Amino acid sequence: MPLKNSEQNYGIVSRANHWLTAFIFIGLLAIGLYMTGLEKGDDKQALYALHKSMGIALFGLMLLRLVWLKISPNPEQLSKNKFEHILGHAVKGLLYLAMLGMPISGWIMSNSGGHEVSFFNMFALPTLMGEHEMTHEISEFIHSTFGFVLIAIVLLHIAGALKHHFVYKDVTLLRMVGKNKATDTTEKNSEGK
Ligand code: HEM
């Protein structure tokens, strides 16, 4: 089971990072949507703490992903036409932006609102700033607005993966779950030569 990505396939490190990230990311969106509607109280506080801890985990995975991308670049995406090639890259680019932007805006939002960001009460992230109302409002706007946009982007990403699997019947999804047998015969994207 190769650790590194090849020209055709994802290695175990990228696959593990992707699925762990996907799980945490979808959980964060679901908890984020639910917790904001709760009445003030212990449940709300516990969910906010969980959301922040999961956000730190996502951020950590993203930093590891960036290091790993330098060591072992991803295989090129398989695209049927130019439009889908650009769309696929745009969606993944926005997901990358989200994996950095959402934790950072959340971190700023918490600190500027007078709260710390702790990881399951084991350690807290450094405090970036003291209470600051305007920063708090701007970061809250970015975090929550982009959060809603992200639901659509994630759905588009999943729809794309399913289209590749069921309509194009290519190895896009199979290689992300480590089941691509045709390692050396996979064609590289025809548009992005
Ligand atoms: C059930 C949910 C998901 C499925 C089925 C899925 C499927 C896939 C597949 C098949 C690829 C490979 C695309 C290619 O090789 O061109 C991929 C890549 C990718 N996915 Fe997902 N994905 C899911 C959820 C997510 C979520 C929630 C994120 C959010 C961050 C995400 C972020 C990415 C990124 C950034 C890539 C590019 C490769 C990488 O850097 O790891 N995915 N996904």
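Residues numbered from 1 in each chain as written. Predicted model: local features only at pLDDT ≥ 70, side-chain atom pairs only at ≥ 80, totals over all residues. Heavy atoms only, no water.

Asker: Give a description of helix α3 (residues 82–112) that names residues and reports values.
Answerer: Between its terminal C-alpha atoms α3 stretches 43 Å, which fits the 45 Å expected from 31 residues at 1.5 Å a residue. Of all the bends in α3, the greatest measures close to 30 degrees and is centred on Ala 98. Looking one or two residues beyond α3, the residue adopting positive phi is Gly 114, at roughly 90 degrees. (Helix = DSSP H or I, 4+ residues; strand = E, 2+ residues; numbered from the N terminus. Expected span 1.5 Å × (residues − 1). Bend = angle between axes of the 7 residues up to and from the residue.)

Asker: Can you break down the coordination of the iron atom of the ligand residue by residue, with the values?
Answerer: Taken together, the protein donors to the iron atom of the ligand comprise His 18 (NE2) and His 157 (NE2), at separations of 2.0 Å. Relative to the metal, the six donor atoms surrounding the iron atom of the ligand lie at angles of 87 to 179 degrees, and the coordination shape comes out octahedral. Of this pair, His 18 sits in helix α1 (residues 12–36) while His 157 sits in helix α4 (residues 133–166); the two residues are 139 residues apart in sequence, bridging distant segments of the chain. (Donors = N, O, S within 2.8 Å, 3.2 Å for Na, K, Ca; no water. Tetrahedral: all angles 85-135°; square planar, octahedral: opposite > 155°, others 65-115°.)

Asker: Tell me about the packing of aromatic side chains, and name the residues and values.
Answerer: Applying the stated criterion to the full structure yields three aromatic pairs. Where Phe 59 meets Trp 107, the ring centres are 6.4 Å apart and the plane angle is 70 degrees; that geometry is what we call edge-to-face. Of this pair, Phe 59 sits in helix α2 (residues 42–71) while Trp 107 sits in helix α3, and the two are 48 residues apart along the sequence. For the ring pair Phe 119 and Phe 120, a centre distance of 5.0 Å and an interplane angle of 75 degrees mean the geometry is edge-to-face. Over the aromatic face of Tyr 168 sits the side chain of Lys 80, whose NZ or CZ is 5.3 Å from the ring centroid. (Phe/Tyr/Trp six-rings, centres within 6.5 Å; stacked < 30°, edge-to-face > 60°. Lys NZ or Arg CZ within 6 Å of the ring centre and 35° of its normal.)

Asker: If you had to explain the site of the ligand to someone new, which residues and values would you point to?
Answerer: For the ligand, the set of nearby residues contains 21 residues, the closest of which are His 18, Arg 65, Lys 92, Tyr 96 and His 157. Here Lys 92 contributes a side-chain N or O atom positioned 2.8 Å from an oxygen atom of the ligand. Take Tyr 96: an N or O atom from its side chain is 2.3 Å from an oxygen atom of the ligand. Secondary-structure elements contributing two or more residues to the shell around the ligand are α1, α3, α4 and α5 (172–176). Among the elements that make up the shell around the ligand, the one with the highest residue count is α1 (six residues). Of the residues contributing to the shell around the ligand, the split by class is twelve nonpolar, six polar and three charged. (Near = heavy atom within 4 Å. Polar contact = N/O pair within 3.5 Å; in protein donor to acceptor, adjacent residues only side chain to side chain. Nonpolar A, V, L, I, M, F, W, Y, C, P; charged D, E, K, R; others polar.)

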